[in-house]
Amino acid sequence: MHLVAMASLLFAAMGANAELREIDWLELMPAEDLALLENMPEVEHQGDGPALLPDEIMTGRVVPEMENVTGRIPGFVVPLKTTEDMRILEFFLVPYYGACIHVPPPPPNQIIHVKYPEGFTIEALYDPIWVEGTVMIQRTENDIGTSSYAISADAVSPYEQY
């Protein structure tokens, strides 16, 4: 085999195995939202319900530089669309368990709408996962919550720290 062809194959193989960029949830929040969180007064409780975040942080502002970033992000599943055999095809990815269900939803820039047509199963919703794909700035609203970002997933796998 020609030396240049071998080098090309080697670099292609190395690229295929290259570690994906790990996206941190805080990268999805603009600086002004992070400042609001850091300087937030005591959270107000209304009635017997859960605490509410200030309206300012719920606007869904995004970080434009995150558009088309490819990587992986860990999180928890809030199912939106499943098959009869309980394969999850569409879901909100959230940074902590119980978001959108037992507590007020996180800000829209802390919710990612994920579509994964091949579907996957998990044992329990409290089991974290990794989602691999490309981030898009895309607003999705439904009864469960509102997301500012979306990913058409290339892969979904159980969370394991590397």
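Before reading on, note that the structure itself is shown above.
These numbers were taken from a predicted model, which means no experiment stands behind them.

1. As for the sheet that holds strand β3 (residues 70-82)
- The strand order β3-β4-β5-β7-β6 describes a closed barrel built from 5 strands, whose pairing is mixed. The sheet shows a mean angle of 40 degrees between the axes of neighbouring strands, direction not considered.
- Judged from the 11 bridges that link them, strand β6 (residues 129-141) and strand β7 (residues 146-158) form a sheet pairing that is antiparallel. Looking at β7, one finds that Gly133 is bridged to Ala153.

2. A few points about the side chain of Arg72
- In this structure, Arg72 sits in strand β3.
- Reaching out from Arg72, the side chain makes a polar contact with the side chain of Glu19 at a distance of 3.4 Å.

3. Brief notes about the packing of aromatic side chains
- For the coordinates displayed, the defined rule picks out 5 aromatic pairs.
- A ring pair is formed by Phe76 and Tyr97, whose centres lie 6.3 Å apart and whose planes are at 65 degrees; its orientation type is edge-to-face. A residue pair is termed long-range when its members are at least 10 positions apart, and Phe76 in strand β3 and Tyr97 in the loop between β4 (88-94) and β5 (112-120) qualify at 21 residues.
- The rings of Phe76, Tyr97 and Tyr126 are connected pair by pair, giving a single aromatic cluster.
- Taking NZ or CZ as reference, Arg72 lies 3.6 Å from the ring centre of Trp130, over its face.

4. Things to note about the pairing of β7
- Pairing of β5 with β7 involves 4 bridges; the strand directions are parallel. Counterpart to Ile112 in the pairing with β7 is Tyr149.
- Linking β6 back to β7 in an antiparallel pair, the connection comprises 4 residues.

Rules and cut-offs
- Residues numbered from 1 in each chain as written.
- Predicted model: local features only at pLDDT ≥ 70, side-chain atom pairs only at ≥ 80, totals over all residues.
- Heavy atoms only, no water.
- Pairing = 2+ DSSP bridges.
- Helix = DSSP H or I, 4+ residues; strand = E, 2+ residues; numbered from the N terminus.
- Axes fitted to C-alpha atoms, helices over the stretch in contact; angles between N-to-C directions.
- Polar contact = N/O pair within 3.5 Å; in protein donor to acceptor, adjacent residues only side chain to side chain.
- Phe/Tyr/Trp six-rings, centres within 6.5 Å; stacked < 30°, edge-to-face > 60°.
- Lys NZ or Arg CZ within 6 Å of the ring centre and 35° of its normal.

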